[in-house]
Amino acid sequence: MCDPQLGFGGYEHDIRTFRQATQQINALHPDFVVICGDLVNGSSRKSYSDFKALLHDLNPRCFCAPGNHDVHNAPTPASLAFYRKEMGPDYYSFEQDDSTFIVLDTQLWKSPVPGETERQEGWFRNTLSKAHRAGRRIFLIQHVPFFVKSADEPDNYYNLPEEKRLELLRLCEENGVVAILAGHTHKTIINDYHGILMVTGELTSRNFDHRPLGFRVWHIGAQRPFQSEVVPLNVQ
Ligand SMILES: [Zn+2]
């Protein structure tokens, strides 16, 4: 799932569509759910408490990445502390079968916070190389995609700064990352970067490409490319 962003498509609307998605997801019994950031449109105790109440009804375990609306376009020690207090860590990893999923706080690269950015990056490099050495399949879960159209595109609101982007992409290649799931674009965009599948996907608040609201179901088997399908919400 991407950008539930409570309040972006209308607060009540976004709560209703998230509930609808929850019903449909629960009926599918997936192993787990990831949400690629922008959990709320305006971060506050009320919006996070509403969002956590929604998560409560989701049966599978659920892993959230923070977006720019969660930790702010220019995060500060205070905005990071607030997110961590309300929602938990902004970067971490988890495991499923033979795969490692690395959840990242892309705002720390979009708008660096002295100390914090270096800490995440050190942790990321460590976690990547440990998973790679253990022969695990590695997925990244993040909010801002590395790029939208091509790896050498100019910096803009929808990608990561070019120098950092190229450095991180090289790191992903060296460590055998297989797929990167992101949000933020409010459009469905699918890229292949030297064999790394990159998808910014479906959402429940408001999108810019007029596709139905919904989510994407992934089938992570032995075969690549991994298969996925979009599941539109039954009630739009
Ligand atoms: Zn965003």
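A brief report on the enclosed structure follows. (Residues numbered from 1 in each chain as written. Predicted model: local features only at pLDDT ≥ 70, side-chain atom pairs only at ≥ 80, totals over all residues. Heavy atoms only, no water.)

### Things to note about the coordination of the zinc ion
Going by this rule: Only nitrogen, oxygen and sulfur atoms qualify as donors, and only when within 2.8 Å of the metal (3.2 Å in the case of Na, K and Ca); with water excluded, sites may look incomplete. Metal sites are grouped by the angles between bound donors: all angles between 85 and 135 degrees with four donors is tetrahedral, opposite donors over 155 degrees apart with the others between 65 and 115 is square planar for four donors and octahedral for six, and any other pattern is irregular. In this description a helix means any DSSP run of H or I spanning at least four residues, a strand means any run of E spanning at least two, and both kinds are numbered starting from the N terminus. Only protein chains enter the accessibility calculation, which uses a 1.4 Å probe. A residue is then buried if its area is under 20% of the maximum for its type, exposed if over 50%, and partly exposed in between.
Each protein donor to the zinc ion is listed here as Asp 38 (OD), Asn 68 (OD1), His 143 (NE2) and His 184 (ND1); together their distances run 2.1 to 2.2 Å. Around the zinc ion, the 4 donor atoms are arranged such that angles at the metal cover 85 to 170 degrees; this shape is classified as irregular. Mapping the donors of the zinc ion onto the primary sequence gives the spacing D-x29-N-x74-H-x40-H. Within this pair, whereas Asp 38 is found in the loop between strand S1 (32–35) and helix H2 (45–56), its partner His 143 is found in the loop between strand S5 (137–141) and helix H7 (162–174), the two being separated by 105 residues in sequence. You can call Asp 38 buried: its relative accessible area is 2%.

### Points about the state of the cysteines
Counted only if it meets this: Only a pair of cysteine sulfur atoms within 2.5 Å qualifies as a disulfide here.
Overall, the coordinates contain 0 disulfides when judged by the stated rule. This cysteine, Cys 36, is not joined by any disulfide, and Cys 2 carries the nearest cysteine sulfur, 4.5 Å off. Assessed through its relative accessible area of 2%, Cys 36 is described here as buried. With no disulfide of its own, Cys 62 lies closest to Cys 64 among cysteine sulfurs, the gap being 4.3 Å.

### Some thoughts on the pattern of salt bridges
Think of it this way: side chains of opposite charge can pair up when their charged atoms draw near. Rules: The rule for a salt bridge is simple: a side-chain nitrogen of Lys or Arg has to be within 4 Å of a carboxyl oxygen of Asp or Glu.
Considering all chains together, one arrives at 15 salt bridges under this definition. Here Arg 136 makes a salt bridge to Glu 95, at a shortest N to O gap of 2.8 Å. Of this pair, Arg 136 sits in the loop between helix H6 (116–133) and S5 while Glu 95 sits in strand S3 (residues 92–96); the two residues are 41 residues apart in sequence, bridging distant segments of the chain. In this structure Arg 136 comes out as partly exposed when scored by relative accessible area, which is 21%. Linking Arg 137 and Asp 98 is a salt bridge whose minimum nitrogen-to-oxygen distance equals 3.3 Å. On the criterion of sequence distance, the pair formed by Arg 137 in strand S5 and Asp 98 in the loop between S3 and strand S4 (99–103) is long-range, its members being 39 residues apart. Taking relative accessible area as the criterion, Arg 137 reaches 17% and is therefore assigned buried. Note on Asp 98: relative accessible area 39%, which makes it partly exposed. Through salt bridges that share partners, Arg 84, Asp 90, Glu 116 and Arg 119 make up one connected network.

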